[in-house]
Amino acid sequence: MTAPVLTLDGPSGSGKGTISIRLAELLGWHYLDSGALYRLIGLLAFRNAISLEDEEAIATLAAGMKVEFTGANVILEGRAVGDEIRTEQIGNMASRVAALPKVRNSLLGWQRRTAQPPGLVADGRDMGTVVFPSAECKIFLTASAQARAERRFNQLRLKGFDVTIRQLFEEISERDRRDAERKTSPLTPAKDALIIDATELSIEQVEQEVLSHLKTSGIAAPG
Ligand code: DC
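Analysis parameters
Residues numbered from 1 in each chain as written. Predicted model: local features only at pLDDT ≥ 70, side-chain atom pairs only at ≥ 80, totals over all residues. Heavy atoms only, no water. Helix = DSSP H or I, 4+ residues; strand = E, 2+ residues; numbered from the N terminus. Buried < 20%, exposed > 50% of the residue type's maximum accessible area, 1.4 Å probe, protein only. Polar contact = N/O pair within 3.5 Å; in protein donor to acceptor, adjacent residues only side chain to side chain. Pairing = 2+ DSSP bridges. Axes fitted to C-alpha atoms, helices over the stretch in contact; angles between N-to-C directions. Contact = heavy atoms within 4.5 Å. Core = buried A, V, L, I, M, F, W, Y, C linked by side-chain atoms within 4.5 Å. Near = heavy atom within 4 Å. Areas by Shrake-Rupley, 256 points an atom, 1.4 Å probe, with all protein chains shown as cover. Nonpolar A, V, L, I, M, F, W, Y, C, P; charged D, E, K, R; others polar.

Comments concerning the environment of glutamate 150
The residue glutamate 150 is located in helix H7 (residues 145-158) in this model. Looking at glutamate 150, the relative accessible area reads 34%, which means it is partly exposed. Taking C-alpha positions, glutamate 150 is 8.1 Å from leucine 168, a pair spaced 18 residues apart along the chain. A polar atom in the side chain of glutamate 150 sits 2.9 Å from the side chain of glutamine 146.

Some thoughts on the sheet that holds strand S7 (residues 137-142)
Sheet strands associate in pairs through backbone hydrogen bonding, adopting either a parallel or an antiparallel arrangement. The sheet built from five strands is open, its strands ordered S2-S6-S1-S7-S8 with parallel pairing. What marks the edges here is a single partner per strand, and that holds for strand S2 (30-33) and strand S8 (194-197). Sheet twist, expressed as the average angle between the axes of neighbouring strands with direction ignored, equals 20 degrees. In the sheet, strand S1 (residues 5-9) pairs with strand S6 (residues 120-124) via five bridges, with the strands oriented parallel. Paired with threonine 7 across the two strands is alanine 122, which belongs to S6. Sitting on the sheet, helix H9 (residues 203-216) is in contact with S1, S7 and S8, with an inclination near 160 degrees to S7.

Side note on unusual backbone geometry
Most peptide bonds are trans, and most residues other than glycine sit at a negative phi. Backbone torsion omega between proline 117 and proline 118 reads 5 degrees, so that peptide bond is classified as cis. Along the polypeptide, proline 118 turns up in the loop between helix H5 (101-112) and S6. One non-glycine residue with positive phi stands out, namely alanine 49, at about 50 degrees. Positionally, alanine 49 belongs in the loop between helix H2 (34-47) and helix H3 (55-64). Accessibility expressed as a relative area gives 69% for alanine 49, which makes it exposed. Positioned with a positive phi, serine 185 is a non-glycine residue whose angle comes to about 45 degrees. Residue position: serine 185 is located in the loop between helix H8 (165-181) and S8.

Looking at the pairing of S7
Summarising burial for S7: five of the six residues are buried, a large majority. Strand direction decides the pairing type here: S7 and S8, joined by four bridges, are parallel. By the bridge assignment for S8, threonine 142 is matched with aspartate 197.

Description of the nonpolar core
By size, the foremost hydrophobic cluster in this structure holds 38 residues, and its most contacted members are Ile41, Met65 and Phe132. Per-element tally for this core: the top contributor is H2, with eight residues. By size, the runner-up hydrophobic cluster in this structure holds 19 residues, among which are Ile19, Val121, Cys137 and Ile196.

Looking at the site of the ligand
In the region of the ligand, 16 residues are neighbours, and Arg39, Arg104, Arg125, Asp126 and Arg182 sit closest. Between the ligand and arginine 39, the relevant distance is 2.6 Å, taken from an oxygen atom to a side-chain nitrogen or oxygen of the residue. Residue arginine 104 places a side-chain N or O atom 2.8 Å away from an oxygen atom belonging to the ligand. Notes on the ligand: free accessible area 450 Å², of which the protein chains cover 95%. Every element with two or more residues in the shell around the ligand is listed here: H2, helix H4 (88-97) and H8. Residue classes in the shell around the ligand are distributed as four nonpolar, four polar and eight charged.

Here it is in structure tokens:
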């Protein structure tokens, strides 16, 4: 059965996670947090002491991973993962395993099967370019590296992590570079994506822009 798909791609800290969760709730659609998949693989590699250079072993790990999403909660092997995958350390490991083509390939089928009725909000880097190239509505959300570092700083401080804006700015810039320069599925807007620069916009303003683009794309959105 086919279901409408809204893809939200963009760099870390652009606010796409927050917007995607809000929109999935508002629309009553499923939510795919594809970044969480790469974070989980980073976590599992770490727990099992698998080298991040060992593409074959990590792809096998990815293919065998039993994961589900209930709303915004990530469940791994029947247990909620919580904030363990939200640290910068795991974020950096995620970015490294995400550069491995076999790992990305092993997640493709699983991700595509999440497009179930009544619809899917897919959050990531390659949702509109590779995973759901024929999605009905595509958004590429970006913001300046400084604005994204500040947003991440506020999010992580709220969760009790000890970080500085300068450290986050450097990590974000390094991760952007790695995500944009990798050969497989680099971070780049789909040709038919609407690009929204959120540097000067509130979450509510971005949400309104996405909703009006959904309507333009022929999908009935509330409000
Ligand atoms: O969105 P996030 O910060 O949770 O993503 C973690 C890492 O995973 C990020 O460095 C890029 C990578 N990623 C990816 O390559 N493709 C996706 N569809 C989602 C995330």
